[in-house]
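Here are the chains, one letter per residue:
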Amino acid sequence: MTSSGLRAAAALLLLCAATFAAAAELSDKLRDDSELSQSTAKSFRRLMPVRFYSQVEQNPIANATLTLRSCTIFVPTNEAFQRYKGSIHVLYHITTAAFSKEQLPKSVSSDMDGNPPLYITKNRNGDIYVNNARIIPSLSVEMTNREGKRQVMHIIDEVLQPLSVQKNAKDNINNPDAMQFLQMAEQLELNDFHLRTYRSQVTLAKKESVYQSPGAHTFLIPIDESFKLSARSGLVDAKVIDGHVIPNTVIFTAASQHDDPKTSAAFEDLLKVTVSFFKQKDGKMYVKSNTIVGDAKHREGVVLAEIVKANIPVQNGVVHLIHRPLMIIDTTVTDFLKKNFGCNSFKFLNENGENGALRKFYEVIMDNGGEVLDDITNLSEVTILAPSNDAWNASLIENLLRNRKKMREILNMHIIRDRLNVDKIRQKNANMIAQVPTVNNNTFLYFNVKGEGTDAVITVEGGGVNATIIQADVAQTNGYVHIIDRVLGVPHTTVLGKLESDPMMSDTYKMGQFSHFNDQLNNTQRRFTYFVPRDKGWQKTELDYPSAHKKLFMPDFSYHSKSILERHLAIADHVFTMKDLVQYSEQAGNVVLPTFRDSLQLRVEEEAGRYVIIWNYKKINVYRPDVECTNGIIHVIDYPLLEEKDVVVSGG
C-alpha cells in the first residue's frame, strides 16, 4: 500500500474510533493531509459504511471500547451491508484485544453479551476468515488511540451474524454450546426448522457429551422434515450421531475446501466415516458422508445432504442444519431420484422449485413418459450415471428432447444393471479401460481412472461423450448414483476434438498431427466415418512389425503415416453406423466406402453382440462402435487396417 493509502487508512480508522473526536477535527485531519487524494478518501469511505458508524455511535459499550481500550474491529463493506437483511450486532464485530492478521488466534471472544467466540480459519489459498466472512487482505489498518491503546481494523466481506434468538424466547440464551442449542432450538431463529427428532435420538443414545464437548467442532444436524420416513429415526444410533460431528475442526461454508474429506467422530478400526463439503454451480452447499469402512448396521457408500441453514455459531463450534441424516442408506435409486432431488418433496424445497441437484434429469425422465423410471425400479441392482442440472444446458440437447425415441436411447445409456462403485471401477480398470454394458442393446460405457486416492479423476465415455464423475458412490439400497458433468450420447465436439481428448485414441491423434492429416477433421461441412485403431492396436503392430512401427510415428515418414490413416477415413454426405454396415454387408457382401484417395472395401458382421470387421481376410474386433461427434462418427477398432507392404518403408 502507498504512503498516502496508509495515511488514508489511519485517518479513517480514526473516523471509526473517534466518537470521542469532534467532526471538525476529523475534517481538519482529512483536509490537512496533503498526500491524501480525493479518490483515495472516497475509496476508504466506501469501505467504511455510515450504517456501521451509526451503530458504533449509538452503542455506549462500543464507544467506550474504541475510546479507552485496545481492540480489534471487523468492519463489513458497504456491499456486505446491502446484502444483509437482519439486525446488526456491532459488539459481535469487536474483540477487546488487538490482533493483526498474523496474530489472530483460532478463536477470539467478541464483546457481545456472553462473549460468544469468533472463529478464525484459513483456506489453502491463504485467505483468512472470521466465521463466514473473509478478511480483505490489503485493507487492514493498525494504529494507536489517544489513550495509547493499540487498535486494529480488518475489512470483511460479510456482516457477522451471531446465533439469533426469537423475540418471545422465555430463556436468556447467551453463547450456548451445541447441546444447549439442540435443547433450546424452539426459541431460536431457525427459519421454522425443527430439531426434535434428532434431539430425541441424541438423548436416547446418551450422546449429549459429544455436543457438550469443549473446543471447536463442526456439528451437522438433520431437521425434522428429514424423518418423514417412519423407520428412519430408528436408524440414528450412537455411531450415526458420531458421523454428524467433525471434531476439533470448525468449518464455515465460505472457508470450506471443496470435497476435502475430514475425519468424523465415527472413525475407528471397524467403522470409518469421513465428511466433506462441496458447492454446486448454482451456489447451493452440500455435505456428504462417505462410509469408507462399514459394518452390519452401517453400509459403505456416500450419502448427500443439502445444507438448509448454514453457519450457526455456538460456544464450541459451528452448526449446519441439513435436509437429511448422513450415513443412513434407506432409499432405493428410484426414491432418491423421485423424492430427495426430483420432485422437491421437502418443505424447504417446495419453496424454491429450482432446488434439486438432479431435478432436470428427473424431469427429462418423466417428460419422456416415465418408463425409464419404471425400468430402474424393476432392477434389483442398478447404477445410474446421472447428469447434473448444468449438464442439460448444452445447446444440442434442446432439439433432442422432442425426439422421444432418441431420448429413450440416451437415458438408457446412463443405466447399468449392476452395483458399480468406484472400487469396482478401479478393479475393472486395473489393466485396461473398463468396458461396461448398459441397458441399451449393444451399448457400452468406458471408464478411465487417472490418479490415485482423493486426487483421482474418473471419466466415462458413452455415445461419443466424455463425462467426468463429479460426485461418486451416492449409495442406495439397490445400487449407486454417480453424478456426471455431461449428458452421454449427445455429441458436443468434432471428430478432431474427440481424438484429442480421448485417452484411448492418443496414438492415432499423434500420428495425424505430424502428418497434418488431422487438419480436415474439424470441418463441419463434411460427414466422416473414422475407423480409429485404439492405442493397444498400435502396440500390437509394434510386436508384428517392430522397426516399421517406430518409423510410422516419426515425422520423417509422415507420408506413409498419412496414407495409412486415409484408408481408415470414409468421407460422404452421411455417416455409417455399425448397424448400417451390418445391414449393407448382409445385402451386398462387401461394403465400399469412399475415402480421400480411393475406397475402402470391408464387411461387418455381428457376433455375440459384438461387431467384427472383415478386411483383407483379417478379422478385426470393433472395441467401441458408434462414437458420435458433431461432424461424424468414430468406430474404435482393435487393430489398424494395415498391410505388410504398408510397412516396408525406405525413406522419408
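This one's a predicted model, so the numbers in the text were calculated from it and none came from an experiment. (Residues numbered from 1 in each chain as written. Predicted model: local features only at pLDDT ≥ 70, side-chain atom pairs only at ≥ 80, totals over all residues. Heavy atoms only, no water.)

**Considerations on empty space enclosed by the protein**
Sizing a probe to match a water molecule and rolling it over the atoms shows the empty space that remains.
Alright, step 1. The full count for this structure, using the stated rule, is three cavities of 30 Å³ or more.
Alright, step 2. By volume, the largest cavity is sized at about 60 Å³.
Alright, step 3. Lining of the largest cavity is provided by 11 residues; of these, Tyr-446, Glu-461, Asn-466, Asp-502 and Pro-503 occupy positions nearest its centre.
Alright, step 4. Elements with a contribution of two residues or more to the lining of the largest cavity: strand 19 (444-450) and strand 20 (457-462).
Alright, step 5. When residues of the lining of the largest cavity are assigned to their parent elements, the largest contribution, three residues, is made by strand 20.
Alright, step 6. Residues belonging to the lining of the largest cavity are distributed by class as follows: five nonpolar, three polar and three charged.
Alright, step 7. Taken domain by domain, the makeup of the lining of the largest cavity includes at least three residues from each of domain 3 (358-484) and domain 4 (495-646). (1 Å grid on protein atoms, 1.4 Å probe; cavity = no way out; pocket = protein on both sides within 12 Å on 5 of 7 lines; lining within 4 Å. Points joined across faces, edges and corners; volume = space filled by probe spheres on them. Helix = DSSP H or I, 4+ residues; strand = E, 2+ residues; numbered from the N terminus. Nonpolar A, V, L, I, M, F, W, Y, C, P; charged D, E, K, R; others polar. Domains from an automatic or database assignment.)

**Regarding the pattern of salt bridges**
Alright, step 1. Tallied over the full model, the rule gives 24 salt bridges.
Alright, step 2. Here Asp-242 ties to Lys-207 by a salt bridge, and the two come within 3.0 Å at their closest N and O atoms. Separated by 35 residues along the polypeptide, Asp-242 in helix 10 (residues 238-242) and Lys-207 in the loop between helix 8 (196-204) and helix 9 (208-212) bring together distant segments of the chain.
Alright, step 3. With a closest N to O distance of 3.3 Å, Glu-605 and Arg-603 form a salt bridge. (Salt bridge = Lys/Arg side-chain N within 4 Å of Asp/Glu carboxyl O.)

**Brief notes about the sheet that holds strand 4 (residues 117-122)**
Alright, step 1. Strands sit in the order 3-4-5-6 across an open sheet of four strands; the sheet is antiparallel. Of all strands in the sheet, those bounded by a partner on one side alone are strand 3 (107-109) and strand 6 (133-134). (Pairing = 2+ DSSP bridges.)

**Notes on the confidence of the model for the protein chain**
Alright, step 1. Scored by pLDDT, the protein chain comes out at a mean of 84, with 88% of its residues at no less than 70.
Alright, step 2. The secondary structure element of the protein chain with the lowest average pLDDT is helix 2 (residues 23-32), at 29, and the one with the highest is strand 10 (residues 245-246), at 98.
Alright, step 3. Under a pLDDT of 50 for its full length, residues 1-47 has, in the predicted model, 59 contacts with residues more than four places off or in other chains.
Alright, step 4. Every residue in residues 342-354 scores below 50 in pLDDT, and together they form 34 contacts with partners more than four places removed in sequence or on other chains. (pLDDT = per-residue confidence, 0-100. Contact = heavy atoms within 4.5 Å.)

**Re unusual backbone geometry**
Alright, step 1. Positive phi outside glycine occurs at Lys-206, with the angle close to 55°.
Alright, step 2. With respect to the helices, strands and loops of the structure, Lys-206 is situated in the loop between helix 8 and helix 9.

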